[in-house]
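# A closer look at the structure
Now for the letters of each chain:
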Amino acid sequence: MFFKKLTALSSRQANFRNALLWLSLGLAGGVLLWNGFMWSLDATGTTEFCISCHSMKAYVYEDYKQSIHYRNTKGIQASCADCHIPKPLFAKLVRKTIALNDLYHTMLGSLDTPEQFAAQKQQLAERVWNRMRASDSRECRSCHRLEQMDFEQQNAVASRQHQQAKQLQKTCIDCHQGVAHKLANVASNKHEAEENFSLE
């Protein structure tokens, strides 16, 4: 009788140890998978990764290098991710999923030549602008906030336009198209924001 109780107790302890072992292994595996997943999100959000495609490096990146977001008097630089990848996790996952289409077209060679890129540039830009409008220029606002702007320190044009934007509830991209990349259709009614935008 005593031997049976001892055996049952020993068996329960062994089962508990096994369960604890599997739970620990599961938690450790989960942590490793999660960290690997988060690392991959970060690794695919670097400027180096973005410009690893020929079309990005040859066309889009060259525009960006001429912009105030790349080089300015303050030494502040906005990377590709700062403007194009949301910080909230769910929005970031949605954007990364949509970006798979970019990889698909890179493999197809859809934008391999300057002529192919020029023919698609307006459409590609409008997609980005529409995403920015839909999020109320969320990525812009992670650095620039109308509520924090000192209108008196801005030049007259910028001050007037920012105050009007605040009153009319406009979003950044409504005025600042072309701030980091040359506009595709410079003859359009949309104006390039760098004319009125300054980090000074």
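Residues numbered from 1 in each chain as written. Predicted model: local features only at pLDDT ≥ 70, side-chain atom pairs only at ≥ 80, totals over all residues. Heavy atoms only, no water.

## Some points on helix 3 (residues 54–65)
Look at helix 3: 16 Å from first C-alpha to last across 12 residues, which is about the 16 Å you get at 1.5 Å a residue. Of all the residues in helix 3, the buried ones are Ser55, Tyr59, Val60, Tyr61, Asp63 and Tyr64. (Helix = DSSP H or I, 4+ residues; strand = E, 2+ residues; numbered from the N terminus. Expected span 1.5 Å × (residues − 1). Buried < 20%, exposed > 50% of the residue type's maximum accessible area, 1.4 Å probe, protein only.)

## Quick word on unusual backbone geometry
If you check the backbone angles, Ser137 has positive phi at about 50° while not being a glycine. In this fold, Ser137 is placed in the loop between helix 6 (114–134) and helix 7 (138–141). In the Ramachandran plot, Gln169 falls in the positive-phi region, its phi being about 55° despite a non-glycine side chain. You can see Gln169 is positioned in the loop between helix 8 (156–168) and helix 9 (172–175).

## Let's talk about the nonpolar core
Grouped together as the largest cluster of nonpolar side chains are six residues: Ala125, Val128, Trp129, Met132, Ile173 and Leu183. If one sorts the elements of this core by residue count, helix 6 sits on top with four residues. (Core = buried A, V, L, I, M, F, W, Y, C linked by side-chain atoms within 4.5 Å.)

## Some points on a nonpolar patch on the surface
A contiguous nonpolar patch, built from Phe16, Leu20, Leu23 and Leu27 and spanning about 440 Å² of accessible area, is present on the exposed surface. Within the secondary structure, Phe16 is located in helix 1 (residues 2–43). Overall, the relative accessible area of 55% leaves Phe16 in the exposed class. (Patch = residues over 30% accessible without salt bridge, like charges linked within 9 Å, V, L, I, M, F, W, Y side chains within 5 Å. Areas by Shrake-Rupley, 256 points an atom, 1.4 Å probe, with all protein chains shown as cover. Salt bridge = Lys/Arg side-chain N within 4 Å of Asp/Glu carboxyl O.)

## Describing the packing of aromatic side chains
All told, the structure shown has five aromatic pairs when counted by the stated rule. With 5.8 Å between their ring centres and 45° between their planes, Trp34 and Phe37 make a pair best called tilted. Pair noted here: Trp34 and Phe37 are both in helix 1, with a separation of three residues, about one helical turn. Seen from their ring centres, Tyr61 and Tyr70 are 6.3 Å apart, and the 90° between their planes marks the pair as edge-to-face. On the basis of relative accessible area, Tyr61 is assigned to the buried category, the value being 16%. Judged by relative accessible area, Tyr70 falls into the partly exposed class, the value being 28%. (Phe/Tyr/Trp six-rings, centres within 6.5 Å; stacked < 30°, edge-to-face > 60°.)

## A closer look at the side chain of Lys92
Tracing the sequence through the fold places Lys92 in helix 5 (residues 89–108). Sequence-distant contacts of Lys92, that is, excluding residues within four places in its chain, are made with Leu41, Asp42, Ile85, Pro86 and Lys87. (Contact = heavy atoms within 4.5 Å.)

## Structural notes on the confidence of the model for the protein chain
Across the protein chain, pLDDT averages 84, with 87% of residues at or above 70. pLDDT under 50 marks residues 187–200. Its contacts with residues more than four places away, or in other chains, come to 34 contacts. (pLDDT = per-residue confidence, 0-100.)

## Overview of the pattern of salt bridges
Enumeration over the complete set of coordinates arrives at six salt bridges. For Lys121, the salt bridge goes to Asp63, with nearest N and O atoms at 2.8 Å. Highlighted residues: Lys121 in helix 6 and Asp63 in helix 3, separated in sequence by 58 residues. As far as burial versus exposure is concerned, Lys121 and Asp63 are alike and both buried. Across the salt bridge formed by Arg133 and Asp174, the nearest N and O atoms sit 3.0 Å from each other. One end of the pair, Arg133, is in helix 6; the other, Asp174, is in helix 9, with 41 residues separating them in the sequence. Its relative accessible area of 29% is what places Asp174 among the partly exposed residues.

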